[in-house]
Amino acid sequence: MAGLLLLLFLLCSIPKEGFGQKTAGQPSMYVFGDSLADVGNNNHILTLLKADFPHNGVDFAGGMATGRFSNGKNAPDFLAEKLGLPSPPPYLAISSSPNKAEAFLNGINFASAGAGILDSTHRVNLFSLFIH
């Protein structure tokens, strides 16, 4: 867990210069992980590993299920809050965004419950870190 937080902190400190924008580097957060960091990516894929049940989110703003595998905020949410950043949205939720490039530059959460480094970790429709 400490390694994940260190990785998130380092990613937050990378400036966004060089992405076609002429703005000063603005911190962004990019999250990779499993159910401990998932903020709703699994709600957008065909899998049994979902957290869209009423008790998941009762302590979150709005009191509705968000796709987080908790009753409220998860570790990336708390880290973003401490750094003064917005919690990054689920990667698959930006498909309906009119400006996907802007969404990527502002930070994205790629975490997916059940995901692992190896494809053999879980053989259902989940994210993989490997490109085939």
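Each chain carries its own residue numbering, running from 1 in the written order of its sequence. Given that this is a predicted model, residues contribute local features only at a pLDDT of at least 70 and side-chain atom pairs are listed and counted only at 80 or more, while totals for whole chains, interfaces and linings are drawn from all residues. Only heavy atoms go into the side-chain values, all of them from the structure, while hydrogens and water stay out.

If you look the chain up in an unreviewed UniProt entry, it shows as GDSL esterase/lipase from Platanthera guangdongensis.

Our focus in this paragraph is the overall build of the chain. In this text, helices come from DSSP runs of H or I with a minimum length of four residues, and strands from runs of E with a minimum of two, each type numbered from the N-terminal end. Scanning the chain from N- to C-terminus turns up three helices and two strands. Starting at the N terminus and ending at the C terminus, the chain contains elements arranged as α-β-α-α-β. The classification of residues rests on relative accessible area computed with a 1.4 Å probe and restricted to protein chains. Under 20% of the type maximum is buried, over 50% is exposed, and intermediate values are partly exposed. A burial count over the chain gives 30% of its 132 residues as buried. Whether two residues touch is decided by their heavy atoms; if any such pair falls within 4.5 Å, the residues are in contact. Considering only contacts within the chain whose residues lie at least 6 apart along the sequence, 53% involve residues at least 24 apart. About 8,000 Å² of surface is accessible on the chain, with carbon and sulfur atoms providing 65% of the total. Here, Shrake-Rupley sampling with a 1.4 Å probe gives the accessible areas, and only protein chains in the shown set may cover a residue.

To pair, rings of Phe, Tyr and Trp, with the six-membered ring standing in for Trp, must have centres within 6.5 Å; the planes then decide the type, stacked if under 30 degrees apart, edge-to-face if over 60, and tilted in the middle. In this structure the tally under the stated criterion is four aromatic pairs. Consider the rings of Phe32 and Phe110, whose centres lie 5.0 Å apart with planes at 10°: the pair is stacked. One end of the pair, Phe32, is in the loop between β1 (30–31) and α2 (75–83); the other, Phe110, is in the segment after β2 (108–109), with 78 residues separating them in the sequence. Between the aromatic rings of Tyr91 and Phe104, the centroid separation amounts to 6.0 Å while the plane-to-plane angle is 70°, which identifies the pairing as edge-to-face.

Further remarks concern the side chain of Ser28. Here Ser28 lies in the loop between α1 (2–12) and β1. One polar contact links the side chain of Ser28 to the main-chain carbonyl oxygen of Leu105, over a distance of 2.6 Å. By the criterion applied in these results, polar contacts are pairs of N or O atoms within 3.5 Å in which, for protein atoms, one can donate a hydrogen and the other can accept it, and in which residues neighboring in sequence qualify only through two side-chain atoms.

Time to look at the confidence of the model for the chain. Residue-level confidence of the predictor is what pLDDT reports, using numbers from 0 through 100. Residue-level pLDDT values for the chain average 75, and 68% of them are 70 or greater. Model confidence for the chain, summarised as mean pLDDT per element, is weakest for α1 at 46 and strongest for α2 at 93. Every residue in residues 1–10 scores below 50 in pLDDT, and together they form eight contacts with partners more than four places removed in sequence or on other chains. Residue range residues 15–22 is modelled with pLDDT below 50. Its contacts to residues more than four positions away, or to other chains, number 12 contacts.

Salt bridges are defined as contacts in which a side-chain nitrogen from Lys or Arg sits within 4 Å of a carboxyl oxygen from Asp or Glu. For the structure shown, the criterion picks out two salt bridges. One salt bridge connects Arg68 with Asp77, and the closest N-O pair in it is separated by 2.6 Å. Just as Arg68 is buried, Asp77 falls in that class too. Put simply, Lys73 and Glu81 hold a salt bridge, and the shortest N to O gap is 2.1 Å. The exposure class of Glu81 is partly exposed, given its relative accessible area of 46%.

Further remarks concern the side chain of Thr47. Relative to the helices and strands, Thr47 is located in the loop between β1 and α2. Residue classification places Thr47 among the buried positions, given a relative accessible area of 12%. Only 3.2 Å separates the side chain of Thr47 from the backbone nitrogen of Leu49, close enough to count as a polar contact.

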